[in-house]
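Residue-level structure breakdown
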Amino acid sequence: MALSNQMRHAGDQRVPNGTVEFIHARTQLWRREIVQARIRLADEGLTYNQRAELWRIVDYREWCLQMLVRDFPAELERIDREIERELRR
């Protein structure tokens, strides 16, 4: 559950709705970027620099998510399911 949902359920009136929506949108964007980068990492034709850049994206986005979500392991599981769904297409 993203922190934005946690804040809503906790009734934290100090956090403006715009901020909550921004955080929610960011978590979705970061999750999508992780999925795309990890799928691209499966390409054996990538150069060392391309692979390093993709891993930087994954590492940075996961770090950001870890700071904003309550249940990080569940978020990683959601990312894995999204990757599986993309690969089945």
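Heads up: the structure comes first, above all this text.
No experiment lies behind these values; they were computed from the predicted model shown. (Residues numbered from 1 in each chain as written. Predicted model: local features only at pLDDT ≥ 70, side-chain atom pairs only at ≥ 80, totals over all residues. Heavy atoms only, no water.)

1. Some points on the overall build of the chain
Summing up its helical and strand segments, the chain has 4 helices and 0 strands in all. Going residue by residue from the N terminus, the α and β elements of the chain occur as α-α-α-α. Counting over 89 residues, the chain shows a buried share of 30%. Of the contacts made within the chain by residues no fewer than 6 positions apart, 59% connect residues no fewer than 24 positions apart. Total accessible area on the chain is roughly 6300 Å²; 50% of this is exposed by carbon and sulfur atoms. (Helix = DSSP H or I, 4+ residues; strand = E, 2+ residues; numbered from the N terminus. Buried < 20%, exposed > 50% of the residue type's maximum accessible area, 1.4 Å probe, protein only. Contact = heavy atoms within 4.5 Å. Areas by Shrake-Rupley, 256 points an atom, 1.4 Å probe, with all protein chains shown as cover.)

2. Looking at helix α3 (residues 48-68)
Given 3.6 residues per helical turn, the α-helix brings residues three or four places apart onto the same face. When the terminal C-alpha atoms of α3 are compared, their 30 Å separation across 21 residues agrees well with the 30 Å that a helix rising 1.5 Å per residue should span. Here α3 has its buried residues at Leu 54, Val 58, Arg 61, Glu 62, Cys 64, Leu 65 and Leu 68. For α3, the angular spread of the buried residues around the axis is 160°, confining them to a single face. For α3, the exposed residues lying more than 90 degrees away from the buried face are Tyr 48 and Asn 49. (Expected span 1.5 Å × (residues − 1). Arc of directions from axis to C-beta.)

3. Let's talk about the pattern of salt bridges
This model, assessed by the stated rule, comprises 9 salt bridges. Notably, a salt bridge pairs Arg 61 with Glu 33, separated by 2.2 Å at the nearest N-O pair. You can see Arg 61 sitting in helix α3 and its partner Glu 33 sitting in helix α2 (residues 17-40), a full 28 residues away along the chain. Arg 61 sits in the buried class, given a relative accessible area of 19%. Linked by salt bridges that have partners in common, Arg 31, Glu 75, Arg 78 and Glu 82 make up one network. (Salt bridge = Lys/Arg side-chain N within 4 Å of Asp/Glu carboxyl O.)

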